Amino acid sequence: MKYISTRGQAPALNFEDVLLTGLASDGGLYVPDRLPTFSQEQIRSWRSLSYPALAGEILFPFVSETFTREELDAILVDTYSVFRHDAVAPMVQIAPNQWVLELFHGPTLAFKDFALQLLGRLLDEVLKRRQQKIMILGATSGDTGSAAIEGCRRCDNIDIFILHPHNRVSDVQRKQMTTVLGENIHNLAVKGNFDDCQAIVKATFNNRSGLPSDRGLVAVNSINWARIMAQIVYYFYAALALGGPDRPVSFSVPTGNFGDIFAGYLAKQMGLPIEQLVIATNKNDVLHKMMSTGVYDKMSLEASLSPSMDITVSSNFERLLFDVYDRDGAQIAALFEQFKTEPIQFSEQAMTRTRSLFASHRVSDGETCSEIAKLWADCAYLADPHSAIGTVAARVHGRAQTPMVTLATAHAAKFPGAIAQAGLPFEPALPQHLADLFEREERYDVIDNDMAAVQAFMSSHLAA
Ligand SMILES: *Cc1c(COP(=O)(O)O)cnc(C)c1O
């Protein structure tokens, strides 16, 4: 399998090189040149598999030029052994025909562990073989940073640099990053906001003149294909548990950068009977607006109770556009060239296709709080604000005959402020492995909002 860019100009790569890349050189995102598909019979035969065994069946076609099946299976068993629930991704019923798929039992309590625990291990293996060292650079407004650090902390060949906006992430989120004390872990608190952090990362990927030339620079946000790939698995896992493939299942997905729900779309293309995919957004509703109007426009960012979805440009949406525009890279390149200066108006055909694949719903902060309170009152279920947005959208769009699964993307203890605002009379407890988080030693450096300063810091702090 080869990987090609959504903008049609960059060279095709194999899995190993895609793993070690961020953006394609033409500014596009890498996608497989063709998807593996599975028959209903094949999918049915996976019904009793464990999570890592199922992951092996689904992911092997994507990586088979780099890993043998035995190597992949060993990595997957190791990856998902760090999750703190025997089912890895357990399901809980919250209403007739309504389920939540709990994706927060990994080390950092958000679904990003599913992909980043795997990414760290895949990188480690490939770098050992190549005897190569790399730098990872990422910006975080919350969950990505800690999940990336946890995923890569034991990799001797990786220095990981994570930028977060100084004094603008929650205490739990900051502590989850800054209390990991490895020599190769570098937390930088940038004197600016999240957009400033993101801008430094993007600028560095475009111009890395201040960095040592013999080190690769790798992205860990969801433009990295391996992250999307890992997330396909739990759609199959949930559907199989609810009677799939003999019965279609629907999913509601709290959405920011469109990575998680795009993985659901891929599962459907690969043969899993999925009836509906619901894009659930908070007040940063660029995707919901696009679904309603056919226009994709820039918006200004508003802070919400679900900070991990506070995003105004959903990068992975480009991967979907590539498909709905019949994989015409030149057309995608032209659309995003236009987007630099004006909104994109999608073609009628592109919108018809997109609307046949996805529904969308926007949920305000007030509704998020009422939903957290409702779930607690109805069935003593404690939802975090992101997951609660998903369950509202699930109820609005759910159909009587089809099981609806909301992806529960984070643990409530990460967002005690929202739980308090919802009026629940207790503070959600951190799981045992994080219970002493607030007593742990923290380490981070405060740095100016300046790309050159960040690159100079990186060059002088390499430990790997
Ligand atoms: C990252 C994140 C999301 C959004 O996922 P995307 O793949 O960016 O759409 C939703 N909820 C939580 C808790 C997250 O950390």
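Residues numbered from 1 in each chain as written. Predicted model: local features only at pLDDT ≥ 70, side-chain atom pairs only at ≥ 80, totals over all residues. Heavy atoms only, no water.

One can describe the packing of helix H5 (residues 112-130) onto helix H6 (residues 143-152) by two numbers: an axis separation of 8 Å at closest approach and a directional angle of 35 degrees. Note that H5 runs across H6; the crossing there is right-handed. Of the residues in H6, those touching H5 at Lys-112, Asp-113, Leu-116, Gln-117 and Gly-120 are Asp-143, Thr-144, Ala-147, Ala-148, Glu-150, Gly-151 and Cys-152. Each residue belonging to the contact of H5 with H6 can be placed in one class, and the counts come to four nonpolar, four polar and four charged. (Axes fitted to C-alpha atoms, helices over the stretch in contact; angles between N-to-C directions. Helix = DSSP H or I, 4+ residues; strand = E, 2+ residues; numbered from the N terminus. Left-handed = near helix turned anticlockwise from the far one by under 90°. Contact = heavy atoms within 4.5 Å. Nonpolar A, V, L, I, M, F, W, Y, C, P; charged D, E, K, R; others polar.)

Moving on, we come to unusual backbone geometry. Of note, the bond from Gly-244 into Pro-245 is cis; its omega dihedral lies within 30 degrees of zero at 0 degrees. By the element assignment, Pro-245 lies in the loop between helix H9 (225-241) and strand E9 (249-254). In the Ramachandran plot, Val-88 falls in the positive-phi region, its phi being about 65 degrees despite a non-glycine side chain. Tracing the chain through its elements places Val-88 in the loop between helix H4 (69-81) and strand E3 (91-95). In this structure, Asp-326 takes a positive phi of about 50 degrees despite not being glycine. Relative to the assigned elements, Asp-326 resides in the loop between helix H12 (317-324) and helix H13 (329-339).

Another point: helix H7 (residues 171-178). The buried fraction of H7 is high, at seven of eight residues. Every buried residue of H7 is listed here: Val-172, Gln-173, Arg-174, Lys-175, Gln-176, Met-177 and Thr-178. (Buried < 20%, exposed > 50% of the residue type's maximum accessible area, 1.4 Å probe, protein only.)

Further remarks concern the pattern of salt bridges. Counted under the stated rule, the structure contains 29 salt bridges. The shortest N-O distance in the salt bridge between Arg-47 and Asp-246 comes to 2.8 Å. Of this pair, Arg-47 sits in the loop between helix H2 (40-44) and helix H3 (51-63) while Asp-246 sits in the loop between H9 and E9, and the two are 199 residues apart along the sequence. Assessed through its relative accessible area of 40%, Arg-47 is described here as partly exposed. Relative accessible area serves as the criterion here: at 47%, Asp-246 is assigned to the partly exposed category. Here Asp-124 makes a salt bridge to Lys-128, at a shortest N to O gap of 3.3 Å. One end of the pair, Asp-124, and the other, Lys-128, are both in helix H5, four residues apart, so they sit about a helical turn from each other. For Asp-124, a relative accessible area of 14% translates into the label buried. (Salt bridge = Lys/Arg side-chain N within 4 Å of Asp/Glu carboxyl O.)

Bringing the layout of surface pockets into the picture now. Considered as a void within the structure, the second largest pocket measures approximately 380 Å³ in volume. Residue lining of the second largest pocket: 19 residues in total, with Ser-141, Arg-168, Ala-303, Pro-307 and Asp-310 positioned closest to the centre. Counting residues per element, the ones that place at least two in the lining of the second largest pocket are helix H8 (194-206) and helix H17 (416-421). Looking at the lining of the second largest pocket, the element that brings in the most residues is H17, giving three residues. In the lining of the second largest pocket, the residues fall into nine nonpolar, six polar and four charged. (1 Å grid on protein atoms, 1.4 Å probe; cavity = no way out; pocket = protein on both sides within 12 Å on 5 of 7 lines; lining within 4 Å. Points joined across faces, edges and corners; volume = space filled by probe spheres on them.)

On to the environment of Asp-195. Within the secondary structure, Asp-195 is located in helix H8. Accessibility expressed as a relative area gives 43% for Asp-195, which makes it partly exposed. On a C-alpha basis, the gap between Asp-195 and Glu-427 in space is 30 Å, while along the polypeptide they are 232 residues apart.

To continue, consider the site of the ligand. Taken together, 15 residues sit near the ligand, with Lys-112, Asp-143, Gly-256, Asn-257 and Asp-260 positioned nearest. Separating an oxygen atom of the ligand from a backbone N or O atom of Phe-258 is a distance of 3.1 Å. Within the contact set of the ligand, a nitrogen atom lies 2.9 Å away from a side-chain nitrogen or oxygen of Thr-409. Here the residues of the shell around the ligand sort into five nonpolar, seven polar and three charged. (Near = heavy atom within 4 Å. Polar contact = N/O pair within 3.5 Å; in protein donor to acceptor, adjacent residues only side chain to side chain.)

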